[in-house]
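Overview (structure and organization)
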2 protein chains.
Amino acid sequence: MRVVILGSGSGTNAEAILSAASAGQLGPTQVVAVYSDVQNAGILEKADHYEVKNSHLSSPSQQAIFNGESENLWIETIKEDVPDLIVLAGFMRILKEPFLKAFSGKIINLHPSLLPSFPGLEAIRQAFSRGVKITGCTIHWVNEVVDGGEIIAQAPVRVMPGDTYELLEQKIHGAEHVVLPSVIRDLAIGVTPFLGE
Amino acid sequence: MRVVILGSGSGTNAEAILSAASAGQLGPTQVVAVYSDVQNAGILEKADHYEVKNSHLSSPSQQAIFNGESENLWIETIKEDVPDLIVLAGFMRILKEPFLKAFSGKIINLHPSLLPSFPGLEAIRQAFSRGVKITGCTIHWVNEVVDGGEIIAQAPVRVMPGDTYELLEQKIHGAEHVVLPSVIRDLAIGVTPFLGE
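Here is what the cut-offs are and how they apply
Residues numbered from 1 in each chain as written. Chains lettered and ligands numbered in written order. Predicted model: local features only at pLDDT ≥ 70, side-chain atom pairs only at ≥ 80, totals over all residues. Heavy atoms only, no water. Helix = DSSP H or I, 4+ residues; strand = E, 2+ residues; numbered from the N terminus. Rg over C-alpha atoms; globule rule 2.2 N^0.38 Å. Buried < 20%, exposed > 50% of the residue type's maximum accessible area, 1.4 Å probe, protein only. pLDDT = per-residue confidence, 0-100. Axes fitted to C-alpha atoms, helices over the stretch in contact; angles between N-to-C directions. Parallel < 35°, antiparallel > 145°, perpendicular 65-115°, else oblique. Left-handed = near helix turned anticlockwise from the far one by under 90°. Contact = heavy atoms within 4.5 Å. Nonpolar A, V, L, I, M, F, W, Y, C, P; charged D, E, K, R; others polar. Least-squares fit on C-alpha atoms with pLDDT ≥ 70 in both. Buried area = accessible area lost by both parts, 1.4 Å probe. Salt bridge = Lys/Arg side-chain N within 4 Å of Asp/Glu carboxyl O. Polar contact = N/O pair within 3.5 Å; in protein donor to acceptor, adjacent residues only side chain to side chain. Pairing = 2+ DSSP bridges.

**Structural notes on the overall build of chain A**
The number of helices and strands found in chain A is 7 helices and 7 strands. Ordered by position in the sequence, the α and β elements of chain A form the string β-α-β-α-β-α-α-β-α-β-α-β-β-α. In summary, chain A has a C-alpha radius of gyration of 16 Å against a globular reference of 16 Å for 197 residues, a match within 12%. Principal-axis analysis of the C-alpha atoms places the extent of chain A at approximately 50 × 40 × 30 Å. The proportion of buried residues among the 197 residues of chain A is 49%.

**What to know about the confidence of the model for chain A**
Per-chain confidence: chain A averages 93 in pLDDT, with 98% of residues scoring 70 or above. Among the prediction metrics, the complex's ipTM stands at 0.82, with pTM recorded as 0.87.

**Overview of the packing of helix H6 (residues 123-130) of chain A against helix H7 (residues 165-189) of chain A**
All names here are of chain A. Orientation of H6 relative to H7, taken along the N-to-C sense of each, is 125°, at an axis distance of 10 Å. As summarised for this structure, H6 and H7 are arranged oblique, according to the angle between their axes. The hand of the H6/H7 crossing is right-handed. Together, Ile124, Arg125 and Phe128 of H6 and Tyr165, Leu168, Glu169, Ile172 and His173 of H7 make up the contact between the two elements. Taken together, the residues that form the contact of H6 with H7 break down as 5 nonpolar, 1 polar and 2 charged.

**Quick look at the relation of the copies chain A and chain B**
Rotating chain A by 180° about the axis while translating it 0.0 Å along that axis superimposes it on chain B, leaving an RMSD of 0.0 Å. Such a turn and shift between the copies fits a two-fold axis. In terms of proximity to the rotation axis, the leading residue of chain A is A:Ser117, whose C-alpha is 2.4 Å off the axis.

**A short note on the environment of A:Ile184**
Residues and elements named next belong to chain A. Along the chain, Ile184 falls in helix H7. Assessed through its relative accessible area of 0%, Ile184 is described here as buried. In the structure, Ile184 is positioned 145 residues away from Gln39 in sequence and 26 Å away in space, judged by C-alpha atoms. Setting aside anything within four residues of it in sequence, one finds Ile184 in contact with Met1, Val3, Ile17, Leu26, Thr29, Leu85, Val87 and Ile108.

**Quick word on the side chain of A:Asn109**
Residues and elements named next belong to chain A. The topology assignment puts Asn109 in strand S5 (residues 107-111). Note on Asn109: relative accessible area 12%, which makes it buried. Sequence-distant contacts of Asn109, defined by excluding residues within four places in its chain, comprise Leu88, Thr138, Ile139, His140, Val142 and Asp147.

**Details of unusual backbone geometry**
Residue and element names in this part refer to chain A. With an omega of 10°, the peptide bond running from Leu115 to Pro116 counts as cis. Topologically, Pro116 is positioned in the loop between S5 and H6. Even without being glycine, Val82 reaches a positive phi, approximately 45°. Among the structural elements, Val82 can be located in the loop between helix H4 (69-79) and strand S4 (85-88). Phi is positive for Phe118, which is not a glycine, with a value near 55°. Relative to the helices and strands, Phe118 resides in the loop between S5 and H6.

**Looking at helix H1 (residues 12-22) of chain A**
Turn by turn, an α-helix covers 3.6 residues, leaving residues three or four places apart pointing in a common direction. Residue and element names in this part refer to chain A. Of all the residues in H1, the buried ones are Asn13, Ala14, Ala16, Ile17, Leu18 and Ala20. Where the residues of H1 are buried, they touch strand S1 (2-7), strand S2 (30-36), helix H2 (42-49), S4, S5 and H7. Just beyond H1, the residue with positive phi is Gly24, at close to 75°.

**Description of the interface of chain A and chain B**
Every contact between the two is made by 28 residues of chain A and, on the other side, 28 residues of chain B. The junction of chain A with chain B conceals about 2000 Å² of combined surface from both sides, 60% of it contributed by carbon and sulfur atoms. Counting the contacts that link chain A with chain B gives 0 salt bridges. Along the contact surface separating chain A from chain B lie 11 residue pairs in polar contact (both at pLDDT 80 or more). Sort the elements by how many residues they give to the side of chain A that touches chain B and strand S7 (residues 151-158) of chain A lands first, with 7 residues. In the side of chain A that touches chain B, the residues fall into 15 nonpolar, 7 polar and 6 charged.

**Some details on the pairing of S7(A)**
All names here are of chain A. Across the 8 residues that make up S7, a large majority, 7, are buried. Judged from the 7 bridges that link them, strand S6 (residues 134-141) and S7 form a sheet pairing that is antiparallel. When the bridges of S7 are listed, Gly136 appears paired with Pro156.

**Re the sheet that holds strand S1 (residues 2-7) of chain B**
All names here are of chain B. Spatially, 7 strands are ordered S3-S2-S1-S4-S5-S6-S7 in an open sheet, and the strand pairing comes out mixed. Of all the strands in the sheet, the pair left with one neighbour each is strand S3 (54-56) and strand S7 (151-158). Between one strand axis and the next, the sheet turns by 20° as a mean value, whatever way the strands run. The pairing of strand S4 (residues 85-88) with strand S5 (residues 107-111) spans 3 bridges and is classified as parallel. Its bridge partner being in S5, Val87 is matched across the sheet by Ile108. In the packing of helix H1 (residues 12-22) onto the sheet, contacts are made with S1, strand S2 (30-36), S4 and S5, and the angle to S2 comes to roughly 160°.

Structural data, given as C-alpha cells:
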C-alpha cells in the first residue's frame, strides 16, 4: 500500500506513521512521499529523518491557491507517486473537488474530536470550552463535506477535573499517534479497523 | 439530598437509582417521589416496588399542556416534595421556563449520546445511522437550551463492527444505569463527578 502524507505543521502524526512503518508494524505499507503546503514545515524534516521523499507543495501565487490552479499542480505531483492512500495529518487546507475526484476513495483525514461534535477549526479548543467530559479523535474518509465523510475509527479521551487545555491537547495527540498508524495498518492488511486505541 | 425522578417510559434508569439508593449506595440520597407524564408508565410500577411515592402528572386537557397550565400544576405538586435534585430519566417532555425557574440549578437530564453530538430525539438512532465508532451518554444540568446545559458526566460506548441498533441501545442503556446513580451519589456527597463508568 503506497501512502502519501500531507501535513502543514510539525509532523508528529507523520512521525508516528513513519516510525511505525520503518519498524515494520504497518504491514505492507510504504510511505512514498510527504508533502506540506507550508514551506519549511517540521513535517518535511521528519520525512528527511526517515529518508522519505518530501517537498513543499508550492503555489505560483496566492491567487492560484484560491482559483484551484495550485491544487491542480499538486494533483499532478501526487499522481506520480501512484498512491493507494493519502493521509491528511494536520493538513490545514480544505481540498477542492478536482483533488477529491482525482483520488476518490483514497483520502483519509484525522480530526481531533469525536465527530460529529466539534467539526472545523480549533476542535480541541471548542471541546475544552464546552466542558465535555469525553472527547477524542476521529479518522474518516474525506468527501466534499468538511469533516463529514464516513467514519473509520475513533478513540475516546477523558477530560479530567483540573485538566488544562494544554494537557487535553497532549492527551488527544497521544491518542492520535496510536489510532492513525493502527488504522493505516488495518487498511494495509485489509481488516476492519475497530479499536481506536 | 431529596431526589424527585421524572420519566415517561419503562423506568429502567429510575430502577437503577432506586435500587442503588435502597442498597445504601448513594450516600445521603432519598428518592422522595417518582412522577410520569404518561399514565400507567412502567416507571410508576418500579417506584411502587421500592415503596416510593409516585403518581401520574395529569393534565386537564391537551391544551393545558401546550399553554403551560399543566406544568404550573406540576410545579406545585413537586414543590411539596421539597426536592434538592430533580432527575429527568427518560422524561420525554421539554420543560418550560416557569418549571426551570422554580427548580433553578436543581434539574439534571440524561441524554443517550455524547453531547454535543446528536442532541434531540432519537439520539441513539442518529448515532447508529451516522456510523460513529464511539457514542455514549451524557448527564447535564438542564437550562433553557435543549440538551445544552453544563455537562456533569459522560460515559463512552464503543460501536463494534456488526453491532445492531438494538445491541447499541442496550450498551448505552447499560452505561446509563451505571453513570446516573454514580452522578447522584457524587452530588449527594459533594464530590466532583468524574468517572463516567
